[in-house]
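# Working through the structure, step by step
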Amino acid sequence: MTSNSTLAAGTDPKTTPKERAVPAPAVLPQVRAPQRVAPADARELSKQFLLRLEELDEGTSEYQYVRNTLIEMNLSLVRYVARRFASRRESMEDVLQVGTIGLIKAIDRYDASRDVEFTTLAVPYIQGEIKRFFRDTTWSVRVPRRLQELRIDLARAREELECEGVHEPSAADLAAHLDLTEEEVAEGLVASNGYDSDSIDRPIQAGGGKQQAGLVADLIGTEDPALALAEDVQALKPHLADLDERDRTLLQLRFGAEMTQAEIGEELGLSQMHVSRLLSRACATLRKGLLES
């Protein structure tokens with residue numbers, strides 16, 4: 001009997017880590033409007049609800065009530081952290097939803113036996129989820145994580161150097177400030193271009209933004225067909241050099257001087273039929289050389 005009464009009183013020397021001096025309340029207060037609870041009251045109520053949550057089995061109605069109430073009471077923490085990211089272009093509604101995921105993870109992983117304030121755990125979880133959201137979804141072009149972090153370091157270094165009086169810091173200035181090589185800084189600057197995308201139909205403003213000077217698409221170059229011709233000419237040069245002088249002369253008169261076969265025949269004292277055969281043979285030789293090279 002003595003042993004049983006000792007166990008009932010909770011004085012067994014083999015106390016498990018989950019047992020603590022402050023017992024979980026047997027009956028929790030009913031919170032009718034959790035989201036309207038003041039932050040100070042929410043902090044005190046959260047302690048009771050978290051203690052009780054650890055005593056309950058998942059899937060029970062009371063477990064769901066306690067967990068859902070904890071989430072709603074602490075949404076003010078999510079709003080507090082989300083305000084730090086208000087300057088971002090993403091919808092604040094999306095940021096709040098992502099932050100709420102971090103809050104839920106903090107509730108599910110909180111261990112009251114560690115005697116740590118819930119907010120101490122929840123705020124880093126919420127902030128981490130939001131930062132992960134921006135890291136994974138806001139870049140127009142996906143780049144490695146190290147380059148994403150380097151972009152932030154470069155922006156911070158640029159601000160610090162400008163505050164020190166360095167106008168338009170160069171890659172060398174940034175490299176020296178961050179103790180990196182210029183190649184690493186150059187790679188980070190190029191990767192930073194993948195953060196934002198812009199429409200090619202965006203107007204270009206000139207004169208202090210008062211006049212429209214065309215569209216971004218006007219600045220994008222198009223493929224020059226003459227480039228392909230230049231490549232073909234360069235590829236033909238060694239094969240032209242392999243032809244005899246008469247064949248080169250025929251080709252020069254036909255395609256350089258744009259003379260007709262009859263005019264070439266008169267110029268060289270050949271029949272038009274003979275000129276045609278010679279040109280066909282020379283072109284076939286060049287074609288074969290190009291295909292084999």
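Treat the numbers as computed from the prediction; the structure is a model and nothing was measured. (Residues numbered from 1 in each chain as written. Predicted model: local features only at pLDDT ≥ 70, side-chain atom pairs only at ≥ 80, totals over all residues. Heavy atoms only, no water.)

## A word on the overall build of the chain
The helix and strand inventory of the chain stands at 13 helices and two strands. In the chain, which comprises 293 residues, the proportion classed as buried is 27%. For the chain, the accessible surface area stands at approximately 19800 Å², while carbon and sulfur atoms represent 52% of it. (Helix = DSSP H or I, 4+ residues; strand = E, 2+ residues; numbered from the N terminus. Buried < 20%, exposed > 50% of the residue type's maximum accessible area, 1.4 Å probe, protein only. Areas by Shrake-Rupley, 256 points an atom, 1.4 Å probe, with all protein chains shown as cover.)

## Section: helix α9 (residues 182-192)
Along α9, the residues classified as buried are Val-185, Gly-188 and Ala-191. Here the buried residues of α9 occupy an arc of 125° about the axis, which is enough to place them on one side. Opposite its buried face, α9 presents the exposed residues Glu-183 and Val-190, each directed more than 90 degrees away. Where α9 is buried, its residues contact α7 (145-163) and α8 (171-178). (Arc of directions from axis to C-beta. Contact = heavy atoms within 4.5 Å.)

## Observations regarding the packing of helix α4 (residues 75-82) against helix α5 (residues 92-109)
Where α4 meets α5, the closest approach of the two axes is 9 Å, and the angle between their N-to-C directions is 125°. In terms of orientation, α4 and α5 fall into the oblique class. Read as a crossing pair, α4 and α5 show a hand that is right-handed. Residue-level inspection shows Leu-75, Val-78, Arg-79 and Ala-82 of α4 in contact with α5, the latter providing Met-92, Val-95, Leu-96, Gly-99, Thr-100 and Leu-103. Residue classes in the contact of α4 with α5 are distributed as seven nonpolar, two polar and one charged. (Axes fitted to C-alpha atoms, helices over the stretch in contact; angles between N-to-C directions. Parallel < 35°, antiparallel > 145°, perpendicular 65-115°, else oblique. Left-handed = near helix turned anticlockwise from the far one by under 90°. Nonpolar A, V, L, I, M, F, W, Y, C, P; charged D, E, K, R; others polar.)

## A closer look at the pattern of salt bridges
Pairing is possible between side chains of opposite charge, provided their charged atoms come close. In total, this model carries 10 salt bridges according to the counting rule given. Glu-62 is paired through a salt bridge with Arg-52; the nearest N and O atoms lie 3.1 Å apart. Here Glu-62, found in helix α3 (residues 61-73), pairs with Arg-52, found in helix α2 (residues 39-55); they are 10 residues apart in sequence, far enough to count as distant. For Glu-62, a relative accessible area of 30% gives the class partly exposed. Residue Arg-52 is classed as buried on the basis of its relative accessible area of 17%. Between Glu-129 and Lys-105 there is a salt bridge, with the nearest N and O atoms lying 2.7 Å from each other. Of this pair, Glu-129 sits in helix α6 (residues 118-137) while Lys-105 sits in helix α5, and the two are 24 residues apart along the sequence. On the accessibility criterion, Glu-129 (11% relative accessible area) is buried. With relative accessibility at 28%, the residue Lys-105 sits in the partly exposed group. (Salt bridge = Lys/Arg side-chain N within 4 Å of Asp/Glu carboxyl O.)

## Some details on the packing of helix α10 (residues 225-241) against helix α13 (residues 272-292)
Across the interface, α10 lies against α13 with an axial gap of 10 Å and an inter-helix angle of 125°. In terms of orientation, α10 lies oblique with respect to α13. In this structure, the crossing between α10 and α13 has a hand that is right-handed. The residues of α13 that touch α10, namely those facing Ala-235, Leu-236, His-239 and Leu-240, are Leu-286, Gly-289 and Leu-290. Residues of the contact of α10 with α13, tallied by class, amount to five nonpolar, two polar and no charged.

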